[in-house]
Amino acid sequence: MGRLHKPQTELPSRGELPAWLAPVPKRIEDLGLRFVWVVVAINLVGTAFGFWYYGPQLSRTPVEMWIFVPDSPMATLFIAAAFGLWAVGRPNEYLTALAFIGNIKLGLWTPWVLVIFADAFLEFTAPAMYAFLLVSHLAMVVQAFVLHRITDFPLKAVAVALAWYTVDLTVDYFIPVVGEPHHTAIPLARDATVAAGATAFQLAAWGAVVLTLLPLFFALATRIKLLESAQLSDQ
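Model, not experiment: these values are computed from the prediction.

Colleague: Go over the overall build of the protein, please, and point to the residues and values.
Modeller: Of regular secondary structure, the protein possesses 9 helices and 2 strands. Of the regular secondary structure in the protein, the N- to C-terminal order runs α-α-α-α-α-α-α-α-β-β-α. Over its C-alpha trace the protein gives a radius of gyration of 18 Å, about what one expects of a compact globule, namely 18 Å for 235 residues. Each of the 235 residues in the protein was classed as buried or not, and the buried ones make up 47%. Across the protein, contacts joining residues at least 24 apart in sequence account for 74% of those joining residues at least 6 apart. Of the roughly 11,700 Å² of accessible surface on the protein, 69% is carried by carbon and sulfur atoms. Across the protein, the mean location of the 14 positive side-chain charges is 10 Å away from that of the 16 negative side-chain charges.

Below, the structure is given as structure tokens:
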């Protein structure tokens, strides 16, 4: 593992990106990259907690579909691996793209359902746990927006990440293949009407679709902006 932190001089430069693609202040990005092994450790602890949290749902899911159930722990595992491999000088563009899309998607989808189904969640979730789930998932989005420092999102890597999350989205909501849809359990019956005539299942699915497309857009926009910046530098 080497040093616990990296010197400032070993950090990758920050590309010329607009604030909407790089919303995390540089000093925070630098702090996370300097203490990258702390970030990796936190994500691994979060991954372990996440798999534990999904235990009851996994017990009701056919074993062959388990990989599609614990979405948030998979996303934190991806980003732990992406940062860890970068730290040892073996960056992996595929893991980084998977981490970027996954951490933004799940980092926003979970707060989405926590908020729209708040009353139902709080019937069986302690306020402290509810707050922890909300804040920790939003933190996933923050760390995803540091990944532009270690990748330029090559198209083949983004394509692999999109393929994975398209399959995941499909079995979660549309074609379960085995058993029932494999999305993260929600605290209401799927056909319960929640708002504007939409059911709980429809609102969860809508959020998942939108939040798969959003990080895809961010990844491609980041690549375009970095390429434009490089072209300007060469002129």
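Let us keep going from here.
Colleague: Quick one: what's the story with the packing of aromatic side chains, residue by residue and with numbers?
Modeller: Within the structure shown, the criterion is met by 15 aromatic pairs. Residues Trp20 and Phe218 carry aromatic rings whose centres are separated by 6.4 Å and whose planes lie at 45 degrees to one another, so their mutual orientation is tilted. One end of the pair, Trp20, is in the segment before helix 1 (26-34); the other, Phe218, is in helix 9 (residues 200-234), with 198 residues separating them in the sequence. In this structure Phe218 comes out as buried when scored by relative accessible area, which is 13%. An aromatic cluster is present here, built from Trp20, Phe100, Phe145, Phe153, Phe217 and Phe218 joined pairwise through their rings.

Conventions and cut-offs
- Per chain, the residues get numbers from 1 upward, laid out in the order the sequence is written.
- Residue-level local features of this predicted model are given only where pLDDT is at least 70; pairs of side-chain atoms are given and counted only at 80 or more, and the full residue set underlies all totals for whole chains, interfaces and linings.
- Values shown for side chains rest on all heavy atoms present in the structure; no hydrogens or waters enter the calculation.
- Labels follow the DSSP assignment, with helices taken as runs of H or I lasting at least four residues and strands as runs of E lasting at least two, numbered in each case from the N terminus.
- Both definitions apply: the radius of gyration is a C-alpha atom measure, and the globule rule equals 2.2 Å times residues to the power 0.38.
- Any residue under 20% of the maximum accessible area for its type is buried, any over 50% is exposed, and the rest in between are partly exposed; the area is computed with a 1.4 Å probe on protein chains only.
- Here, residues are in contact when the closest pair of their heavy atoms is within 4.5 Å.
- Only the protein chains shown count as cover for residues, and the accessible areas themselves come from Shrake-Rupley with a 1.4 Å probe.
- Just so you know, the count uses Lys and Arg for positive and Asp and Glu for negative, and it drops His and the chain ends.
- The location of each charge is read from NZ of Lys, CZ of Arg, CG of Asp or CD of Glu.
- Between 30 and 60 degrees the pair is tilted, below 30 it is stacked and above 60 it is edge-to-face, where a pair is any two Phe, Tyr or Trp rings, Trp via its six-membered ring, whose centres lie within 6.5 Å.

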